[in-house]
Amino acid sequence: MPGSNARLREALQAADLPTDDIEDGGRTFFEAVSGGDEIVGYAGLERCRGDYLLRSVVVLPAHRGLGFGRAIVEATLRGLDGSGGIYLATTSAAPFFSSIGFSEVPRAIVPAAVLMTRQLSFICPSTATIMKLNRSPT
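What counts and what doesn't
- Residues numbered from 1 in each chain as written.
- Predicted model: local features only at pLDDT ≥ 70, side-chain atom pairs only at ≥ 80, totals over all residues.
- Heavy atoms only, no water.
- Buried < 20%, exposed > 50% of the residue type's maximum accessible area, 1.4 Å probe, protein only.
- Helix = DSSP H or I, 4+ residues; strand = E, 2+ residues; numbered from the N terminus.
- Arc of directions from axis to C-beta.
- Contact = heavy atoms within 4.5 Å.
- Polar contact = N/O pair within 3.5 Å; in protein donor to acceptor, adjacent residues only side chain to side chain.
- Pairing = 2+ DSSP bridges.
- Core = buried A, V, L, I, M, F, W, Y, C linked by side-chain atoms within 4.5 Å.
- Phe/Tyr/Trp six-rings, centres within 6.5 Å; stacked < 30°, edge-to-face > 60°.

Chemist: Explain helix 1 (residues 6-14) to me, and be specific about the residues and the numbers.
Modeler: Within the sequence span of helix 1, burial applies to Leu-8, Ala-11 and Leu-12. Along the axis of helix 1, the buried residues cluster in a sector spanning 95°; they form a single face. Turned more than 90 degrees from where helix 1 packs its buried face, Glu-10 and Ala-14 sit exposed. The inward-facing, buried residues of helix 1 abut strand 1 (27-33), strand 2 (39-48) and strand 3 (51-59). Where helix 1 begins, the capping side chain belongs to Asn-5, and its oxygen is found 2.9 Å from the backbone nitrogen of Arg-7. Directly after helix 1, the chain includes Asp-16, whose backbone phi takes a positive value near 60°.

Chemist: Go over helix 2 (residues 68-77), please, and point to the residues and values.
Modeler: For helix 2, the set of buried residues is Gly-69, Ile-72, Val-73, Thr-76 and Leu-77. The buried residues of helix 2 occupy an angular sector of 120° when projected down its axis, which confines them to one face.

Chemist: Can you tell me about the pairing of strand 1, naming the residues and giving the values?
Modeler: Pairing of strand 1 with strand 2 involves seven bridges; the strand directions are antiparallel. Residue Ala-32 lies in a different strand from strand 2, and its bridge partner there is Gly-41. Remark: five residues form the turn of the hairpin made by strand 1 and strand 2, two consecutive strands paired antiparallel; Asp-37 in that turn has positive phi of roughly 65°.

Chemist: How would you summarise the nonpolar core if you had to cite specific residues and measurements?
Modeler: Nonpolar side chains tend to gather and get buried jointly when the protein is soluble and globular. Judged by nonpolar contacts, the single largest core of 19 residues is most densely connected at Leu-54, Val-73, Leu-77, Ile-86, Phe-97 and Phe-102. Within the residue set of this core, elements represented by two or more residues are strand 2, strand 3, helix 2, strand 4 (86-90) and strand 6 (129-133). Apart from residues lying up to four places away in sequence, Phe-97 is in contact with Leu-54, Val-57, Val-73, Leu-88, Phe-102 and Met-131. Core analysis: the second largest hydrophobic core is formed by nine residues, Val-110, Ala-113, Val-114 and Leu-120 among them.

Chemist: Account for unusual backbone geometry, naming residues and giving values.
Modeler: One non-glycine residue, Asp-16, lies in the positive phi region at around 60°. Residue placement: Asp-16 occurs in the loop between helix 1 and strand 1. A positive phi angle, near 55°, is found at Arg-49, a position not held by glycine. The topology assignment puts Arg-49 in the loop between strand 2 and strand 3.

Chemist: Outline the packing of aromatic side chains, listing residues and values.
Modeler: Throughout the structure, instances matching the rule amount to two aromatic pairs. Taken together, a centroid distance of 5.0 Å and an interplanar angle of 70° make the contact between Phe-96 and Phe-97 edge-to-face. Using a relative accessible area of 30% as the deciding quantity, one classes Phe-96 as partly exposed. Overall, the relative accessible area of 8% leaves Phe-97 in the buried class. Where Phe-97 meets Phe-102, the ring centres are 5.7 Å apart and the plane angle is 80°; that geometry is what we call edge-to-face. The burial state of Phe-97 is the same as that of Phe-102; both residues are buried. By way of ring pairs, the aromatic residues Phe-96, Phe-97 and Phe-102 are connected into one cluster.

Okay, structure coming up:
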C-alpha cells in the first residue's frame, strides 16, 4: 500500500510513530488484516542497498496482546531473500522485538545506508535503540 494511505498515517500517529517520510520513495507498507478482513495493523520496509529497515510496525489497539505483532513482523519479512541485514529503531518496543529475534546493536556497526535513512539520521532521536534480526546461518 502507498505511504499516502490515510489509515496508515492515522494508525502511526495514534501510536506516536513517525510519519514525516512515509510518502518518500523506497518504502513498502503492508496492511495486516484478520480472517474477517478487519484491519489489525501495519508494517513497512525500507530497502537500504543490500539491507532493510523494518519500520512503522503498529498493531491497532483493539488487537494488541493477541500475537498480531509477531505475525505482522513475520509476514513482512517472509519474502526477503535472507542475504541482507534487517534493522529497526525503537524508543519503546525493544523488549517486544527482543522476544521475536532482534538484538540491540551499536550504531558503529550499522551499515551506512541504514544510518543514512531519514528515519535514523533525522527523524528518530539519537537515543533510539537500534536492533538487528538474528538469523541462523544457512
